[in-house]
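Per-entry structural report
Okay, here's what each chain looks like letter by letter:
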Amino acid sequence: MKFKILTLLAGAVLISASSTAVMAAGKTIAVSWKTFQEERWKTDEAAIKKVVEAAGDTYLSTDAQGSAQKQAADIESLISQKPDVILVVAYDSDAILPSIQKISDAGIKSIAYDVQFEDPNALYITFDNVGVGRIMAQETLKVKPEGRYAFIKGDKGDPNATFLFQGMQEVLKDALASGKVKNVCETFTDGWKPDNAQKNMEQCLTSTNNGVDAVLSENDGMASGVVAALEAQGMAGSVPVTGQDGDLAAINRVALGTQLVSIWKNSIDLGTTAANAAIALADGTDATAIPGVAKFNGGKNKVEMNAILLAPTPITKDNIQVAIDAGHITKEQACAGVAAGTVPACN
Amino acid sequence: MAEQSSTGGPAASNEGPISRLIRAAEIDTRMLGMLAAMLVIWVGFDVISSILRPGGGGLFGGSFLTSRNLWILLVQTSVIAVMTTGMVLVIVLRQIDLSVGSMLSIVAVATGVLQVFDLGPLLGVGHPAIWIIAVVFAILLGAAIGAFNGILIAYGQIPSFIVTLGGLIAFSGAAFLIASGVTVAPMDKTFKLIGGNGPAASIGPLWSWALAAIACIGIGVAIVAGRRRRLKFSFKAKPVWAEVLSVVVGCAAVLGTTAVVNSYLYPPRVAERFALDNNIPIPPGVEDKSGLAICQAADKVVSCVDGLTFQTGYPIPVLIMLAVGLVMTFVARRTRFGRYIFATGGNPEAAELAGINTKRLTVTVFTLMGALVGISAIIASARLDAATTALGTLNELYVIAAAVIGGTSLAGGIGTIYGAILGALLMQSLQSGMALLNVDSAYTNIVVGIVLVLAVFVDQIYRRRVK
Amino acid sequence: MSTETVVADKGAPLVEMHDISIAFGGIKAVDHASIDLHPGEVVGLLGHNGAGKSTLIKVLSGAYKRDSGTIRIDGKDADISNPRDAKAFGIETIYQTLALADNVDATANLYLGRELRTRWGTLDDIAMEAECRKVMGRLNPNFRRFKEPVKSLSGGQRQSVAIARAIHFNARILIMDEPTAALGPQETAQVGELIKQLKAQGIGIFLISHDIHDVFDLADRLTVMKNGRVVGTAHVKDVTKDEVLGMIILGKVPPGATPGPGAIA
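Please read these numbers as outputs of a predicted model, since none were measured by experiment.

1. Examining the overall build of chain B
Secondary structure summary: chain B contains 18 helices and 0 strands in total. Relative to its length of 467 residues, chain B is compact, with a C-alpha radius of gyration of 24 Å against a globular reference of 23 Å. Dimensions of chain B along its principal axes, counting C-alpha atoms only, are 70 × 55 × 45 Å. Expressed as a percentage of its 467 residues, the buried residues of chain B come to 49%. Residue pairs in contact within chain B that sit at least 24 positions apart in sequence constitute 75% of those at least 6 positions apart.

2. Things to note about the overall build of chain A
Regarding its fold elements, chain A presents 12 helices and 13 strands. Over its C-alpha trace chain A gives a radius of gyration of 21 Å, about what one expects of a compact globule, namely 20 Å for 347 residues. In terms of overall dimensions, chain A has a C-alpha envelope of 65 × 45 × 35 Å along the principal axes. A separation of at least 24 residues holds for 73% of the contacts in chain A among residues at least 6 apart in sequence.

3. Looking at the interface of chain B and chain C
Contacts between the two partners involve 25 residues from chain B, matched on the other side by 22 residues from chain C. Mapped by element, the contributors of at least two residues to the side of chain B that touches chain C are α8 (204–232), α13 (336–346) and α14 (348–353) of chain B. The element best represented in the side of chain B that touches chain C is α13 of chain B, accounting for 6 residues. Residue composition of the side of chain B that touches chain C, by class: 10 nonpolar, 8 polar and 7 charged.

4. Details of the environment of A250 of chain A
All names here are of chain A. Within the secondary structure layout, A250 lies in helix α9 (residues 248–256). Residue classification places A250 among the buried residues on the basis of 32 C-beta atoms within 10 Å. Considering only alpha carbons, one finds A250 and A334, 84 residues apart in sequence, at a separation of 8.7 Å. When neighbours within four sequence positions are excluded, A250 is seen to be in contact with D220, A223, G243, D245, Q259 and S262.

5. Some words on the confidence of the model for chain B
Residues and elements named next belong to chain B. Summarising the model, chain B shows a mean pLDDT of 87, and 90% of its residues fall at 70 or more. Segment residues 1–13 is flagged for pLDDT under 50; beyond a separation of four residues in sequence, or across chains, it makes 25 contacts in the model. Ignoring residues within four places in sequence, the model shows residues 286–305, a span with pLDDT below 50, making 28 contacts including any to other chains. The ipTM assigned to the predicted complex is 0.84, against a pTM of 0.83.

6. Quick look at the interface of chain A and chain B
With 33 residues of chain A in contact, the opposing surface of chain B contributes 38 residues. Of all the elements in the fold, those that place two or more residues in the side of chain A that touches chain B are β7 (181–187), α7 (194–208), α8 (220–232) and α9 of chain A. Looking at the side of chain A that touches chain B, the element that brings in the most residues is α7 of chain A, giving 9 residues. Broken down by class, the residue content of the side of chain A that touches chain B amounts to 8 nonpolar, 15 polar and 10 charged.

7. A look at the pairing of strand β6 (residues 147–152) of chain A
Residues and elements named next belong to chain A. Among the 6 residues of β6, 5 are classified as buried, and the element is accordingly described as predominantly covered. Bridge analysis of β6 against β7 gives 6 bridges, and the strand direction is parallel. Across the sheet, the residue bridging to Y149 is N183, located in β7. Summarising the sheet, β6 and strand β8 (residues 214–217) pair through 4 bridges and their orientation is parallel. Bridge pairing links I152 to S217 in β8.

8. Considering the nonpolar core
One finds V226 and I251 of chain A, V82, V107 and A402 of chain B together with F206 and L207 of chain C to be the most contacted residues of the largest nonpolar core, which totals 245 residues. Here the element with the most residues in this core is helix α3 (residues 67–92) of chain B; it accounts for 17 residues. Aside from chain neighbours lying at most four places away, what touches A402 of chain B is I80, T84, A420, G423, A424 and M427 of chain B. Counting residues in each nonpolar core, the second largest holds 47 residues, with V31, W33, F127 and A278 of chain A among its members.

9. Description of the packing of helix α4 (residues 100–123) of chain B against helix α6 (residues 160–178) of chain B
Residues and elements named next belong to chain B. As a packed pair, α4 and α6 sit with axes 7 Å apart at the nearest point and diverge in direction by 20 degrees. When the axis of α4 is compared with that of α6, the two are roughly parallel. The interaxial crossing formed by α4 with α6 has left-handed handedness. In this structure, α4 contributes G101, S102, M103, S105, I106, V109, A110 and V113 to the contact, and α6 contributes G167, L168, F171, S172, A174, A175 and I178. Here the residues of the contact of α4 with α6 sort into 10 nonpolar, 5 polar and no charged.

10. Side note on the sheet that holds β8 of chain A
Residues and elements named next belong to chain A. The 3 strands are arranged β7-β6-β8 in an open sheet whose pairing can be described as parallel. Two strands bound the open sheet, and with one partner strand each, they are β7 and β8. Across this sheet, the average inter-strand angle for adjacent strands is 25 degrees, counted without regard to direction. With respect to the sheet, helix α6 (residues 159–178) is in contact with β6, β7 and β8, its orientation differing from that of β7 by roughly 150 degrees.

11. Digging into the sheet that holds strand β1 (residues 15–24) of chain C
All names here are of chain C. Spatial strand order, β2-β1-β4-β5: 4 strands in an open sheet with antiparallel pairing. A strand with exactly one partner marks an edge of an open sheet, and here the two such strands are β2 (27–37) and β5 (76–77). Packed on one face of the sheet, helix α2 (residues 53–60) meets β1, β2 and β4 (68–73) and runs near 115 degrees to β1.

12. Structural notes on α6 of chain A
Residue and element names in this part refer to chain A. Over its 20 residues, α6 runs 28 Å from end to end, which matches the ideal 28 Å to within 8%, given 1.5 Å per residue. Of all the positions in α6, only L164, F165, G167, M168 and L172 are classed as buried. Looking at the buried residues of α6, the elements they touch are α5 (129–143), β6, β7 and β8. Downstream of α6 by a residue or two, G179 has a phi angle that is positive, lying close to 85 degrees.

13. A word on the packing of α3 of chain B against helix α16 (residues 395–405) of chain B
Residues and elements named next belong to chain B. Packing of α3 against α16 leaves a shortest axis separation of 8 Å and a crossing angle of 65 degrees. As far as their axial angle goes, α16 and α3 are roughly perpendicular. As for the relative orientation of α3 and α16, their crossing is right-handed in sense. In this structure, α3 uses I80, M83, T84, M87, V88 and I91 to contact α16, whose residues at the interface are N395, Y398, V399, I400, A402 and A403. Among the residues forming the contact of α3 with α16, the class breakdown is 10 nonpolar, 2 polar and no charged.

14. A look at α7 of chain A
The terminal C-alpha atoms of α7 of chain A lie 21 Å apart, and with 15 residues this matches the ideal 21 Å at 1.5 Å per residue to within 8%. Downstream of α7 of chain A by one or two residues, N209 of chain A has phi in the positive range, about 50 degrees.

15. Points about the environment of I125 of chain A
Note that I125 of chain A resides in strand β5 (residues 123–127). With 187 residues separating them in the primary sequence, I125 of chain A and P312 of chain A have C-alpha atoms 13 Å apart.

16. Points about unusual backbone geometry
Note that the residue after A185 of chain B, namely P186 of chain B, is joined by a cis bond; omega there is -10 degrees. Along the chain, the position of P186 of chain B falls in the loop between α6 and α7 (189–193). Of note, W192 of chain A is a non-glycine position whose phi angle comes to about 55 degrees, a positive value.

17. Overview of the confidence of the model for chain A
Residue and element names in this part refer to chain A. Residues of chain A with pLDDT of at least 70 account for 92%, and the chain-wide mean is 88. Per-element mean pLDDT across chain A ranges from 45 in helix α1 (residues 2–22) up to 97 in β8. Across residues 1–22 the pLDDT falls below 50, and counting only partners more than four positions away or on other chains, this stretch makes 26 contacts in the model.

18. Let's talk about the environment of Y124 of chain A
Residue and element names in this part refer to chain A. Note that Y124 resides in strand β5. Sequence-wise, Y124 and L270 are 146 residues apart; in three dimensions their C-alpha atoms are separated by 11 Å. Residues contacting Y124, with those up to four places away along its chain left out, are A112, Q116, F296, M305, N306 and A307.

Reading the values: the criteria
Residues numbered from 1 in each chain as written. Chains lettered and ligands numbered in written order. Predicted model: local features only at pLDDT ≥ 70, side-chain atom pairs only at ≥ 80, totals over all residues. Helix = DSSP H or I, 4+ residues; strand = E, 2+ residues; numbered from the N terminus. Rg over C-alpha atoms; globule rule 2.2 N^0.38 Å. Buried ≥ 20, exposed ≤ 12 C-beta atoms within 10 Å, placed from the backbone. Contact = placed C-beta atoms within 7 Å. Nonpolar A, V, L, I, M, F, W, Y, C, P; charged D, E, K, R; others polar. pLDDT = per-residue confidence, 0-100. Pairing = 2+ DSSP bridges. Core = buried A, V, L, I, M, F, W, Y, C linked by C-beta atoms within 7 Å. Axes fitted to C-alpha atoms, helices over the stretch in contact; angles between N-to-C directions. Parallel < 35°, antiparallel > 145°, perpendicular 65-115°, else oblique. Left-handed = near helix turned anticlockwise from the far one by under 90°. Expected span 1.5 Å × (residues − 1).

This is how it looks when you write it as structure tokens:
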């Protein structure tokens, strides 16, 4: 896993190096953002802007403010400014399709950034979401190859909760079949809420009389509730707990040892990769020739398109430094309350 | 009593011995009904869980009626129960507060940010003043937001439904902005005790029994004093046997609850760490100091520390819930403020004409509601050991549902504090019990929804019959 | 009756409402009305529904705030802008709707707004109930249902609670808005007796009614209103019932009465 990420990162670095050196400046890369209400998009934007401007190209952007209609108008105005590539973070992946058609008609390349829209001409760049569940199960299996597993799933109305669970099941299939791993509790958590996860974990521990050896929680927020429930039974730290999102508090728990892993989707990686791909497209490189591109047809309508699926980073005790280096978290935040000598990054 | 509209109905000429007994002892029959329903639910869960997963050690062989589950149930109820005592008064006043969930978010997040990002670095992490400042801050912030709601409702004359619906939407947005959406953790280690996790977060068996004894004496003194006063004014008092029965039943309830919370022992690993920390000798047979190897090999974790037993007693959040319940009952029944709330809820115009400043009253009630949300926010974030925007979401619905299941009339003027707390306990029993049985939360939601409607329906029939 | 008239005529008026106007959404509910009341006097206020009599009196009881005009109590300007102010001047009101809090018991209603408290500041329910039993014992000896919300009481019983509340706190000025509307003949007679008792204690009473007979039986003077204006004021002994009917219906002022701004010339 780690090897793959490293190659990908190395690839990204290579592309950026070559693009600045070889390619002509003066291209225009535009982005239509769906919203800036959530903080993460600002991180993405900074990463894209950095790469684009370093290449001597121009960066343009619009903010749809959470409206499909505004996004359609935004894209029209971007088209009229004749950029070479438009990256689109679609607010509505169906309603956006006519706008994407207009982009193609104007001879401009399009990239579906993080949110998929099914247009065969577009390049789709995102994190491998199904993979997150797999990584969670793999990391857990490493430390607990046998034992009683509890599954704290997300909201039942969110398809991601089921995707993640499917990913876990793929990895655990053999262990479950052979009886090495037992599924002792499996519960959805209304609204992905930490306090609901805490109550569910408490009931799981009560019903199994603390007979739980590992907990696969589908995100970091719920992991905080799971850890609190384990702590009440004195079990926090000895029972591995998974999570995703790279929550600052979760990374701190990883350092403290109460959480095994937080799968982190580094927006900087995503932004950098997308910006490099955009520059490559602008310079006339064929999408299929861009490193990391593969065919993807896992969308709603099974439309086949070119895609780059980045592997998310599992943050464990051993590689917290990665998140610190990326500026995602400060050393003080990550290492608060950590005993000296237990975590490499905190020394 | 002002709010006991259900007790002491008109004398029926041909009542049976049981109804005569109930009348003489002035028992709230509605509450009896709720307790009976609760009993059925509890026994039902225990029996079903004994079938699904035998050997839970509960009263009927399941895992519901165990001291552990009941202890946790009380802790789980506390957040909603504290808020619902305030919601009763709000609804009695013919108002509604839809913003309590979002208010809880904003208070929890702001208090978390204050203690983790501001006070921690400023005073040093773990400074003994942090939790005090955080608690005071949370209650004041809650009260301030409540007062703001109240002023808009009373003086701005905007319906409370609208004001608090706006609050429901706006406060959660504000909570997100305060911490830019990140989860704030971990809480101060003393503050965390308010959530009820860990040995120091419970008062232990001795204090629990002492409190129970005080409560028993309190019940006795209150009943004797009340009786004396009635006799002094030569009113008809309840028959002596009814008074004695009240003391016995009340005392038995207190002692029984205390026995249950005391018989919940420290979880094995907590017990072991506690023993190591406090230099308590670990009895022979428990060689493994880390507690890991043996515990994992054994089927039951408990077996690795047999002989090392510590009783937990009342956890702090439950004590807070009980204290809030007592204070709020006192406020509702024994103070002018409470009387005015009920009178205003019964007939706002009449209250105004009687010289009650109903505007100020409204502001005060919403302020009190806010302060209680502050207390709940403290318990919720301390218990989770983290503050997030998600904390409190949808709580307004559970708080209102608990009040309504507990007999509060949305038409205003009628409601009891203890009823609402029982309502919260009943609802949490359903949720916890079904989680214990590993029932999909979709079904739990369906059941809770049905119980809410059923409770109101039964209530209507009951009230019609009493009339 | 003559003795009472003499009492009523001497000394400064207890209440003088002068040139009172109040409008709701452009409609003048009370239009430059003036009215007065002496200690120990009963003044009947007559008029159709919507004539403005209840509104005028609610200005005095503090339920409405006047747009213009002055109120003098004992010859001094009185600033009345809410029910609490009015109570401070000894003005008590029995509303047509009775204005009881339906969900609480008789005792709580009797003391609403002026509860007795123990030395710890808590409600002294037992002392209040004892007091309530005394008062109700005088007004309505058959009343027993002290523990029930007043919603479950009969019309007459509710009326007694409302009256008890008005007279229990040493009222000097009593306003009774249709006090007998919900009552049977026997209870009506009781209220009549009560009014005579209160009069004898020197309390001034405004009696609002649209029953002329009641007013002729109980009042010393009467004032008729029509369309928000005062038609005229007269001593009961100076006018006949027919003449008063003429005032109410047509606004015609007989020779025995003093005409007001609402009189037809």
